[in-house]
Structures are given as structure tokens and as C-alpha cells.
2 protein chains.
Amino acid sequence: MFNAIAEGRRRDILVFLADAERPVGDIVAALELAQPSVSKHLKVLRDVGLVDVRRHGRQMFYRTNVHAIRPLHEWAGTFERFWSHQLARVKERAERSTARRR
Amino acid sequence: MFNAIAEGRRRDILVFLADAERPVGDIVAALELAQPSVSKHLKVLRDVGLVDVRRHGRQMFYRTNVHAIRPLHEWAGTFERFWSHQLARVKERAERSTARRR
DNA sequence: GAATTATATTCCCATGTAGGAATGTGTCAA
DNA sequence: TTGACACATTCCTACATGGGAATATAATTC
């Protein structure tokens with residue numbers, strides 16, 4: 001999953017499909033990518049569950065499965081509680097360094 | 001940055017270095033990886049600013065730069081506002097389907 | 001059923017990268 | 001200064017992956 005998101009275009013696709021399902025052709029047009037390229041990216045995203053598909057006639061409607069992004073959000077969030085600590089540390093060091101200069 | 005995080009071992013290293021700076025040897029011992037492998041991963045993390053380094057004698061003390069993870073957290077967070085909507089959609093569909101069955 | 005549309009898959013090539021082994025570099029200790 | 005230690009870098013190989021071009025598949029229309 002982390003791998004799938006590492007690709008910039010795939011992230012673009014996920015954003016594009018976040019609020020509404022859309023056919024492949026729309027993605028091709030909106031992101032200005034080649035159609036086979038889009039299909040391949042969609043396959044990667046499908047395989048890790050980051051998008052859902054629905055067939056309607058000859059069109060395939062894709063939509064971002066926003067729930068699948070939650071693990072990523074949570075993993076990154078585990079570092080959040082360190083932010084304040086580290087900020088305090090940096091600030092303190094800066095103040096000490098300023099004090100020495102006086 | 002997204003690329004650097006795509007690697008499982010690198011994520012392990014980031015977690016390990018989140019709360020305290022540690023020399024390379026500690027990482028090697030804790031994660032049971034080969035030393036050159038760890039050094040290479042650390043280089044990748046350094047190049048994208050995900051870790052900071054400090055030399056002390058012959059040891060190199062690494063520490064996760066938790067601020068650098070913020071963009072990832074925020075990117076994933078942009079999907080959060082869709083979670084409730086999509087949940088409602090799924091729930092509604094399930095209820096309709098249940099209703100049909102009655 | 002043949003042609004057309006929408007999408008998927010395959011083939012080929014170029015590139016990026018992880019691992020392992022070996023070697024290089026910088027620092028300390030005696 | 002030499003040896004030992006901590007780490008970084010290089011070389012090689014195997015493998016994954018993205019792009020482009022061509023082709024395949026499925027659904028629709030005439």
C-alpha cells in the first residue's frame with residue numbers, strides 16, 4: 001500500500017477519485033496520461049484495495065476507497081506526539097546558542 | 001519522500017529513531033539488518049530529510065526528523081473528510097439492500 | 001455479425017534499487 | 001604510527017516497475 005502511494009501519478013489519481021466515481025476516460029483526460037498507463041496504475045491501486053471498481057456498460061467506474069488510506073494516516077500520526085517534544089528541544093537549543101553569543 | 005517511506009525497513013528505522021537519537025550500531029542490532037544495508041537506508045532517509053545526523057567520535061547518531069513526516073500525514077488527512085460521507089453512502093446502500101430483501 | 005468504443009493486457013526496453021561482499025574513510029587508543 | 005573500531009561507499013547481480021506500442025477483451029451499435 002505504501003508502495004502504491006509512492007507514485008506521484010497514483011496519488012493524483014487517488015485525489016481525483018476521492019469525491020466521486022469516474023470512468024477511466026475521465027482520468028486519462030484530466031491527468032493527461034496515456035490510457036494504458038492509467039489502466040496499469042489503476043490495477044496497482046486495485047490490488048492493494050485503494051480503489052473500488054464498478055462496471056457500467058463498457059465503462060469502468062473507479063472510486064478511491066478512502067478507508068484504505070487510514071492506515072497511512074495513522075502511521076504518520078504516530079509521529080505527531082513527538083512534534084511538540086522535538087520543537088521544544090530545537091527551541092531550547094536555539095536559546096542556549098543565543099545566550100552564548102551574548 | 002513518499003518513495004523513501006515506501007520501504008518497510010526504512011519505516012522501521014524511522015519508528016526506532018523517533019523518540020531518541022541512536023548510533024548506527026544500535027539500529028543494526030535492533031532491526032537485525034546488515035550494517036551496509038542500514039547505512040544505505042540511512043542515506044536515502046538523509047537525502048530526503050527524514051533523519052538528522054550528528055557525529056560524536058566514531059559514532060554517527062541518527063534521529064528521525066518528525067517534522068518531515070508532516071506532509072505525508074497531511075496528504076493522508078485530506079481524505080479524512082470523505083470518510084464520514086463514504087461511510088454514510090455504504091450504510092445507506094446496505095439498508096436499501098436489506099429493505100429489498102424484506 | 002461487423003464495426004466501434006472503452007478499457008485491459010502484453011511485450012519490450014530503460015531505469016531504479018535492494019542485498020551481499022568487499023573495500024574505503026574517519027576516529028580513537030595505545 | 002599502527003591497529004582496531006564505527007560507519008560509508010562501491011561493485012555486482014537480481015528483480016521490480018514505468019513508459020510506449022501493439023494487441024486483446026468486453027460491451028454497444030448498426
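Predicted model only: the values in this text are computed from it and were never measured.

Engineer: Would you take a moment to explain empty space enclosed by the protein for this structure?
Structural biologist: Rolling a probe over the atoms, with the probe sized like a water molecule, indicates the empty space that remains. A full pass over the atoms with the stated rule returns one cavity of 30 Å³ or more. Volume-wise, the largest cavity comes out at about 40 Å³. Every residue along the wall of the largest cavity is listed here: Phe2, Ile5 and Leu72 of chain A together with Phe2, Ile5 and Leu72 of chain B. Counting only elements with at least two residues in the lining of the largest cavity, the list comes to α1 (2–6) of chain A together with α1 (2–6) of chain B.

Engineer: Is there a simple way to think about the pattern of salt bridges in this case?
Structural biologist: Between side chains of opposite charge, pairing is possible as soon as their charged atoms come close. Residue and element names in this part refer to chain A. All chains considered together, the criterion is met by eight salt bridges over all chains. Here Arg22 makes a salt bridge to Asp19, at a shortest N to O gap of 3.5 Å. Residue classification places Arg22 among the partly exposed residues on the basis of a relative accessible area of 23%. You can call Asp19 partly exposed: its relative accessible area is 44%.

Engineer: Can you walk me through the environment of Leu14 of chain A in this structure?
Structural biologist: Tracing the sequence through the fold places Leu14 of chain A in helix α2 (residues 8–16). The contacts of Leu14 of chain A, once residues within four sequence positions are left out, are Ile5, Leu45, Leu50, Val51 and Thr64 of chain A together with Trp75 and Phe79 of chain B.

Engineer: Help me out: how do you make sense of the sheet that holds strand β1 (residues 22–23) of chain B in this one?
Structural biologist: Strands pair in a sheet through their backbones, by hydrogen bonds, and they do so in one of two ways: parallel or antiparallel. Residues and elements named next belong to chain B. Strands sit in the order β1-β3-β2 across an open sheet of three strands; the sheet is antiparallel. Of all strands in the sheet, those with a lone pairing partner are β1 and β2 (51–56), marking the two edges. The sheet contact formed by β2 and strand β3 (residues 59–64) spans six bridges and is antiparallel. Bridge pairing in β3 places Asp52 opposite Arg63. Here helix α4 (residues 35–47) sits on the sheet and contacts β2 and β3; the angle it forms with β2, its principal contact strand, is near 120 degrees.

Engineer: Sorry if this is basic, but what is going on with the protein's contact with DNA strand D here?
Structural biologist: For DNA strand D, the set of nearby residues contains 23 residues, the closest of which are Arg9 and Lys40 of chain A together with Gln35, Ser39 and Tyr62 of chain B. If you look at DNA strand D and keep only atoms within 4 Å of the protein, 63% of those are sugar or phosphate atoms. At 2.6 Å from a base oxygen of DNA strand D is found a side-chain nitrogen or oxygen belonging to Lys40 of chain A. Within the contact set of DNA strand D, a base nitrogen lies 2.6 Å away from a side-chain nitrogen or oxygen of Gln35 of chain B. The element that contributes the greatest number of residues to the surface near DNA strand D is α4 of chain B, accounting for six residues. Across the surface near DNA strand D, the residue classes break down as six nonpolar, seven polar and 10 charged.

Rules used throughout
Residues numbered from 1 in each chain as written. Chains lettered and ligands numbered in written order. Predicted model: local features only at pLDDT ≥ 70, side-chain atom pairs only at ≥ 80, totals over all residues. Heavy atoms only, no water. 1 Å grid on protein atoms, 1.4 Å probe; cavity = no way out; pocket = protein on both sides within 12 Å on 5 of 7 lines; lining within 4 Å. Points joined across faces, edges and corners; volume = space filled by probe spheres on them. Helix = DSSP H or I, 4+ residues; strand = E, 2+ residues; numbered from the N terminus. Salt bridge = Lys/Arg side-chain N within 4 Å of Asp/Glu carboxyl O. Buried < 20%, exposed > 50% of the residue type's maximum accessible area, 1.4 Å probe, protein only. Contact = heavy atoms within 4.5 Å. Pairing = 2+ DSSP bridges. Axes fitted to C-alpha atoms, helices over the stretch in contact; angles between N-to-C directions. Near = heavy atom within 4 Å. Polar contact = N/O pair within 3.5 Å; in protein donor to acceptor, adjacent residues only side chain to side chain. Nonpolar A, V, L, I, M, F, W, Y, C, P; charged D, E, K, R; others polar.

Keep in mind that these numbers describe shape and distance, not what the molecule does.
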